[in-house]
Amino acid sequence: MKPPAAKPASPSTRAIRVVPSSGPTAWLTSFTAAAMTFLCVFALALSLASGRLADRWSDALARTATIRLSAPAEQVQVQTDAILLVLSTTPGIASYQAIDDDDTRALLEPWFGPDLPIESLPIPRLFEVVEAVPGYDSEGLRNRLTAEAPGAILDDHTRWRRPLAEAAARLRFLGLLSIALIGATMAAMITLAARAALATNIEVIRVLRLVGAKDSYIARAFVRRFTLRAFGGAMVGAAAGLAGVAALPAADAAGGFLTGLGFTGAGWLWPMALPPIAALVAFVATRRAAFQKLRELT
Amino acid sequence: MESTADVPLVKPSRPLSVKETTVIAFENVAYSYSGSELLADVSLRLAPGSFHFLTGPSGSGKSTFLKLAYAELRPTTGRVTLFDRDVTTLSRDDVARTRRRIGIVHQDCRFLDHMTLAANMALPFTVSDRESDPKELDELLGWVGLSHLSGALPPQLSGGERQRAALARAVIVDPDVILADEPTGNVDWEMSLKILTLLVELNRMGKTIVVATHDLNLIRQAKAQVQTRVLRIAKHRVQLAGADL
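All values derive from a computational prediction rather than experimental measurement.

Enquirer: Describe the overall build of chain B, listing the residues and the values that go with them.
Expert: Scanning chain B from terminus to terminus reveals 8 helices and 10 strands. The 245 residues of chain B split such that 56% are buried. Pairs at least 24 apart in sequence give 73% of the contacts found in chain B among residues at least 6 apart. A total of about 10,200 Å² of accessible surface is found on chain B, and carbon and sulfur atoms cover 50% of it.

Printed below as a string of structure tokens:
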């Protein structure tokens, strides 16, 4: 009946063994950690992708400006020449060009079809300006255009960029908030599971106290078990989440709206941080629950 | 009522600190639960190496007395001191450390049912992050006649085996005091005598023993072997008995 000789277990391993491993809390903790981490991977992907997309749009708009010329027909060419002269002498401009009728037709084609009679319509003349590094003084350029070509209006896309930047910031915030809420939900569920496990094992706790166990020892036994379960579950959840993100349709197939959704480059490493974070959450939640429950049991 | 400080029969196996002259002392202790008084005005001192029986009818407060003696309960009024320290001044960690100097044997022999008998015996070492000596563990199992059951799980043991295992677990860390609550309550007379013999041996090694029991035959048997005092709980008070037994 003697147990087989085995390598002596470490104090931590021995501590974990004093608590029975069976029970519904075991799989509940692992499942919760897996599910929450899976959701976290998607929240993270969405947050990163949204921010990246908005940054890209904002950057693209920030580097270009448009000059719109609305003038009487006889003034159009004179003011066009004046605008081009002003642009050629303004420092900080990498390139510029007047958009000809063919390009204007191509721009309007999605809305009006291919047969739009541009020549017979009072459509403003457009100029595309690409900014150099460092850029130009937009106020100075605006003043010069007003003086040389009164029908010209400089649009540096500020009114488009600001809401995009705000949207990007809000999307990032919502993404982080989602992750925080998922983390808090996981902490709450693990706390409930830990308290249930402590309540189930009251007799074990009484025996341990009887033989001189400190609260820290009893708590350690539970905390270690729940932390390991949460870590294991989160690893599975992170792997499943990464597989799910990797399996998303390619940008071309999914269409423009989904362009860039997922992780890029080192971004794929971010989900790897989730299992340790889940373990930390479980550690803190279980430790808190354990000491609270042990105080109640006195 | 105060029990006189007994003269130990032998020198304690692990001398108490110089300052410690009393292992357990009650001073005007009362304990009430939900408005009902269980113990009142209890004053006594247990000297190192003494052997006391605590007797009285069921529900008289024997278990409560023992729980007060190992700081599971705090007195409603009065003062309980363990190794010259007032239990009300002990932190939770201090209580745990103090319990390592007290071996406790319950009538229902609390074990961790998922761990082997050997692992349960080593539990007092395990919870203090110390290694138990397998040789000493074997010797201890041999002492209580359970060597052949070291790998068994507690539910597989008989009542007498559980009682002896509980006693072995209580002494594995060489405590100064053994508190036994009805240790022979679930066993036959033959096994009761075996357990009594073990307790007497421990007392001869210098341990302070307190045994709560209502078995007067057991007390008589013990008095024939070792110097004992008998404390009787009656009407919530602890009185010194003995001459009438």
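Enquirer: Give a description of the pattern of salt bridges that names residues and reports values.
Expert: With the rule as written, the count across this model stands at 13 salt bridges over all chains. Lys293 of chain A is the salt-bridge partner of Glu296 of chain A, the closest N and O atoms lying 4.0 Å from each other. Residue Glu296 of chain A and its partner Lys293 of chain A are both found in helix 10 (residues 274–296); the two are separated by 3 residues, about one turn of the helix. Looking at Lys293 of chain A, the relative accessible area reads 14%, which means it is buried. Taking the shortest distance from any N to any O, the salt bridge between Glu182 of chain B and Lys62 of chain B comes out at 3.9 Å. One end of the pair, Glu182 of chain B, is in the loop between strand 7 (177–181) and helix 7 (189–204); the other, Lys62 of chain B, is in helix 1 (residues 62–69), with 120 residues separating them in the sequence. For Glu182 of chain B, a relative accessible area of 8% translates into the label buried. Relative accessible area serves as the criterion here: at 6%, Lys62 of chain B is assigned to the buried category. Several salt bridges converge on common partners, so that one network encompasses Arg195, Lys293 and Glu296 of chain A.

Enquirer: Summarise the sheet that holds strand 1 (residues 64–69) of chain A; cite the residues concerned and give the values.
Expert: Residues and elements named next belong to chain A. With antiparallel pairing, 4 strands are arranged side by side in an open sheet as 2-3-1-4. Looking along the sheet, the strands with just one partner apiece sit at the ends: strand 2 (93–99) and strand 4 (152–155). Along the sheet, successive strands turn relative to each other by an average axial angle of 20 degrees, direction set aside. Across 6 bridges, the pairing between strand 1 and strand 3 (residues 125–131) is antiparallel. Bridging from a neighbouring strand, Thr64 pairs with Val130 of strand 3. Contacts between helix 3 (residues 73–88) and the sheet are confined to strand 1, strand 2, strand 3 and strand 4, with strand 3 contributing the most and set at about 5 degrees to the helix.

Enquirer: Run through the interface of chain B and chain A, naming residues and quoting values.
Expert: At the junction of the two partners, chain B supplies 29 residues and chain A supplies 28 residues. A buried area of about 2,400 Å², summed over both sides, lies between chain B and chain A, and 59% of it is on carbon and sulfur atoms. Seen at the junction of chain B and chain A, the total is 6 residue pairs in polar contact (both at pLDDT 80 or more). Only helix 2 (92–99) and helix 4 (123–126) of chain B provide two or more residues apiece to the side of chain B that touches chain A. Per-element accounting of the side of chain B that touches chain A gives the leading share, 5 residues, to helix 2 of chain B. Grouping the amino acids of the side of chain B that touches chain A by side-chain chemistry returns 11 nonpolar, 7 polar and 11 charged.

Enquirer: Just give me the short version of a nonpolar patch on the surface, but keep the residues and values in it.
Expert: All names here are of chain A. Taken together, the side chains of Trp27, Leu28, Phe31 and Met189 make up a nonpolar region of the molecular surface, amounting to roughly 420 Å² of accessible area. Residue contributions to the nonpolar patch peak at 3 residues, all from helix 2 (residues 24–62). Topologically, Leu28 is positioned in helix 2.

Enquirer: Describe the sheet that holds strand 7 of chain B, naming the residues involved and giving the relevant values.
Expert: Residue and element names in this part refer to chain B. Here we have 6 strands laid out as an open sheet, ordered 6-7-8-3-9-10, and mixed in their pairing. Looking at strand neighbours, the two that pair on one side only are strand 6 (102–105) and strand 10 (237–241), the edges of this open sheet. For this sheet the average axis-to-axis angle between neighbouring strands, irrespective of direction, equals 20 degrees. Note: strand 9 (residues 229–234) against strand 10, 5 bridges, orientation antiparallel. Directly across from Ala234, in strand 10, lies its bridge partner Arg237.

Reading guide: rules and limits
Residues numbered from 1 in each chain as written. Chains lettered and ligands numbered in written order. Predicted model: local features only at pLDDT ≥ 70, side-chain atom pairs only at ≥ 80, totals over all residues. Heavy atoms only, no water. Helix = DSSP H or I, 4+ residues; strand = E, 2+ residues; numbered from the N terminus. Buried < 20%, exposed > 50% of the residue type's maximum accessible area, 1.4 Å probe, protein only. Contact = heavy atoms within 4.5 Å. Areas by Shrake-Rupley, 256 points an atom, 1.4 Å probe, with all protein chains shown as cover. Salt bridge = Lys/Arg side-chain N within 4 Å of Asp/Glu carboxyl O. Pairing = 2+ DSSP bridges. Axes fitted to C-alpha atoms, helices over the stretch in contact; angles between N-to-C directions. Buried area = accessible area lost by both parts, 1.4 Å probe. Polar contact = N/O pair within 3.5 Å; in protein donor to acceptor, adjacent residues only side chain to side chain. Nonpolar A, V, L, I, M, F, W, Y, C, P; charged D, E, K, R; others polar. Patch = residues over 30% accessible without salt bridge, like charges linked within 9 Å, V, L, I, M, F, W, Y side chains within 5 Å.

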